[in-house]
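These are the residues of each chain, in order.
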Amino acid sequence: MIPTLSGVHHLKLPVSDLTRSSDWYRTRLEYTVGVEFTEQGVLRGVALHHSNGGPMLGLRLDPERAAATAGFDFFSIGVPDRAALEALAAHLTGLGESHAGVHRASLGWILPHLHDPDGHEVHFYTEESHTELGEDPLTIDNPRETAAAREREEAR
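Below you will find a few notes about this structure.

The rules behind these values
- For every chain, the first residue of the written sequence is number 1, and numbering continues from 1 along that sequence.
- Only residues with pLDDT of at least 70 are given local features in this predicted model, and only at 80 or more are side-chain atom pairs given and counted; all residues enter the totals for whole chains, interfaces and linings.
- The basis for every side-chain value is the complete set of non-hydrogen atoms in the structure, without hydrogens or water.
- Numbered from the N terminus, helices here are DSSP runs of H or I no shorter than four residues, and strands are runs of E no shorter than two.
- Each polar contact in these results corresponds to two N or O atoms within 3.5 Å; when the atoms are within protein, one needs to be able to donate a hydrogen and the other to accept it, and residues that are neighboring in sequence are counted only if both atoms are side-chain atoms.
- The contact criterion used throughout is that any non-hydrogen atoms of two residues lie within 4.5 Å.
- Relative accessible area decides the class of each residue, using a 1.4 Å probe on protein chains only: under 20% of the type maximum gives buried, over 50% gives exposed, and in between gives partly exposed.

## Some details on the side chain of His99
When you line up the elements, His99 lands in the loop between helix H3 (82–94) and strand E6 (103–104). A polar atom in the side chain of His99 sits 3.2 Å from the backbone oxygen of Ala89. Within the local environment of His99, its side chain forms a polar contact with the side chain of Thr93, the two groups lying 2.8 Å apart. Once residues lying within four places of it in the same chain are set aside, the contact partners of His99 are Ala89, Leu92, Thr93, Leu111, Pro112, His113 and Leu114.

Shown next as C-alpha cells:
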C-alpha cells in the first residue's frame, strides 16, 4: 500500500531568540505569526504563515539546538521561476541581506547563502526546471561544480 501524502505541512527551526527570528522572517519574507505556543505562560514557539505560497514555518525556542545547527540548510523554499527568484534576490539585497545571488543548480535555479539570525542557511529553489527527470534516476556528479561549469558555458 502506498500511503496518501499531501506535501510538507510545516518546517520547524530551533531559534535562540523567538522575537528576533519572528521579526526577521516577517520583515524579509512577509511571514505573519498565526499561532503562538506557550508553556507555563511563557512563549516557546510560533507558527508563521505566508500569504503568497510559502510553507508554514515553525520557530521553536531552543538556543542550544539553534547554535548546533547554525550554517545548515534544512530546506529550500520553492519559488515559481527564475524571474521571481531574481526579484526576491533584489528585494533581499535592498534590505541589506547578504546572499550568493541567483545561480544555476542541478535541476533549476537557486538563491543560496542567505542566513537567518541564528545562522541557518535559507535556500530558495525554482519550481521551474531546466532539466527533466525520467524514469531512471538522474546521477549528478559534483553538483556544485557541474552547475557552475554549465553556468559559465551559458554566459559565453
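## Quick look at unusual backbone geometry
Positive phi is not limited to glycine here, since Glu30 has a value of about 65°. If you trace the backbone, Glu30 turns up in the loop between helix H1 (18–29) and strand E2 (31–39). Take Glu30: its relative accessible area is 52%, and that puts it in the exposed class. The backbone of His113 sits at a positive phi, close to 65°, despite the residue not being glycine. Position of His113 relative to the elements: it lies in strand E7 (residues 109–115).

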